[in-house]
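Observations on chain architecture
Read off the chains here:
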Amino acid sequence: MGKLLTIFVAVIAVSIAIVLGNPGTTIEDSEEARHLFHLADKNHDFLLNPDEMHSVFLNFDLNNDTHIYADEFIIDWLSDNLGTALEAVTLFHHLDVDNSGYISKNPDLPYIIHFFDRDLDGHISQAEFVIQWVKIKNS
Ligand SMILES: *[C@@H]1O[C@H](CO)[C@@H](O)[C@H](O)[C@H]1NC(C)=O
Ligand SMILES: [Ca+2]
Ligand SMILES: [Ca+2]
Ligand SMILES: [Ca+2]
């Protein structure tokens with residue numbers, strides 16, 4: 001292999017390592033986000049499709065009235081050991097996109113999916129999920 005090609009291959013390899021979220025590189029990782037992603041990814045294809053996002057939604061709607069109120073969200077968040085109550089409150093307010101006081105299938109869910117699906121291919125990849133999750137948590 002020529003020297004230039006070797007350097008080129010090395011640069012590509014390093015770039016891939018960064019994109020995959022190697023700790024200590026430019027992309028911030030989140031164990032919690034990966035954990036949540038795997039819980040939601042029922043068919044284990046490393047993508048969240050709209051059905052899987054809908055299942056997450058139903059899971060939080062404890063009394064099945066199609067609205068997720070803050071108390072339902074916090075109770076489920078804590079009972080599934082997803083994080084602290086403060087995190088749940090912060091997240092709830094981000095996910096209640098229209099500020100109605102509850103998360104609903106319309107209009108919040110399409111907005112939530114749109115927020116995570118950066119390349120708009122209809123699926124949320126693990127990388128998309130982690131990046132956007134970190135963004136919410138740092139906001
Ligand atoms: C809501 O629906 C789920 C799944 O269908 C069921 O397991 C649960 O018992 C229901 N909860 C209430 C309060 O009706
Ligand atoms: Ca999936
Ligand atoms: Ca409800
Ligand atoms: Ca996507």
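Around the calcium ion (ligand 2), the protein contributes the donor atoms D41 (OD), N43 (OD1), D45 (OD), L47 (O), E52 (OE) and E52 (OE), which lie 2.2 to 2.5 Å from the metal centre. Each of the six donor atoms bound to the calcium ion (ligand 2) contributes to angles spanning 53 to 159°, and the resulting shape is irregular. Sequence spacing of the donors to the calcium ion (ligand 2): D-x1-N-x1-D-x1-L-x4-E. Of the two residues, D41 sits in the loop between α2 (31-40) and β1 (47-48) while E52 sits in helix α3 (residues 50-60), which places them 11 residues apart along the sequence. The class for D41 is buried, based on a relative accessible area of 2%.

Turning our attention to helix α4 (residues 70-79). Along α4, the residues classified as buried are E72, F73, D76 and W77. Axial view of α4: buried residues confined to an arc of 125°, hence all on one face. Exposed residues lying more than 90 degrees from the buried face of α4 are I75 and S79. The inward-facing, buried residues of α4 contact α2, α3, β2 (67-69), α5 (85-95), β3 (102-104) and α7 (126-137). Looking one or two places after α4, you find N81, whose phi comes out positive at around 55°.

A few words now on the coordination of the calcium ion (ligand 4). Donor atoms from the polypeptide that bind the calcium ion (ligand 4) are D117 (OD), D119 (OD), D121 (OD), H123 (O), E128 (OE) and E128 (OE), placed at 2.2 to 2.5 Å. Around the calcium ion (ligand 4), the six donor atoms are arranged such that angles at the metal cover 52 to 153°; this shape is classified as irregular. Sequence spacing of the donor residues for the calcium ion (ligand 4), all on one chain, is D-x1-D-x1-D-x1-H-x4-E.

What follows concerns the pattern of salt bridges. Within this structure, the stated rule accounts for one salt bridge. The partner of D29 in a salt bridge is R34, and the shortest N-O contact between them spans 2.8 Å. Of the residues examined, R34 reaches a relative accessible area of 22% and is grouped as partly exposed.

Averaged over every residue, the pLDDT of the protein is 85; residues scoring 70 or more account for 81%. Within the model, the stretch residues 7-14 combines pLDDT values under 50 with one contact to residues more than four positions away or in other chains.

Okay, the side chain of S104 next. Within the fold, S104 resides in strand β3. Beyond its immediate chain neighbours, meaning those up to four positions away, S104 contacts F57, T66, H67 and L109.

Turning our eyes to something else, we now look at the nonpolar core. Counting 27 residues, the largest nonpolar core has F73, W77, I103, F129 and W133 as its most contacted members. Within the residue set of this core, elements represented by two or more residues are α2, α3, α4, α5, α6 (108-116) and α7. Among the elements that take part in this core, α7 stands out by supplying five residues, more than any other. With residues up to four places along the chain from it excluded, the contact list for W77 reads L36, F60, L82, G83, T84, E87, A88, L91 and W133.

Bringing the packing of aromatic side chains into the picture now. Inspection of the entire model under this criterion finds nine aromatic pairs. Residues F73 and F92 carry aromatic rings whose centres are separated by 5.8 Å and whose planes lie at 55° to one another, so their mutual orientation is tilted. Here F73, found in helix α4, pairs with F92, found in helix α5; they are 19 residues apart in sequence, far enough to count as distant. Overall, F92 belongs to the buried group, its relative accessible area being 3%.

The rules behind the values
Residues numbered from 1 in each chain as written. Chains lettered and ligands numbered in written order. Predicted model: local features only at pLDDT ≥ 70, side-chain atom pairs only at ≥ 80, totals over all residues. Heavy atoms only, no water. Donors = N, O, S within 2.8 Å, 3.2 Å for Na, K, Ca; no water. Tetrahedral: all angles 85-135°; square planar, octahedral: opposite > 155°, others 65-115°. Helix = DSSP H or I, 4+ residues; strand = E, 2+ residues; numbered from the N terminus. Buried < 20%, exposed > 50% of the residue type's maximum accessible area, 1.4 Å probe, protein only. Arc of directions from axis to C-beta. Contact = heavy atoms within 4.5 Å. Salt bridge = Lys/Arg side-chain N within 4 Å of Asp/Glu carboxyl O. pLDDT = per-residue confidence, 0-100. Core = buried A, V, L, I, M, F, W, Y, C linked by side-chain atoms within 4.5 Å. Phe/Tyr/Trp six-rings, centres within 6.5 Å; stacked < 30°, edge-to-face > 60°.

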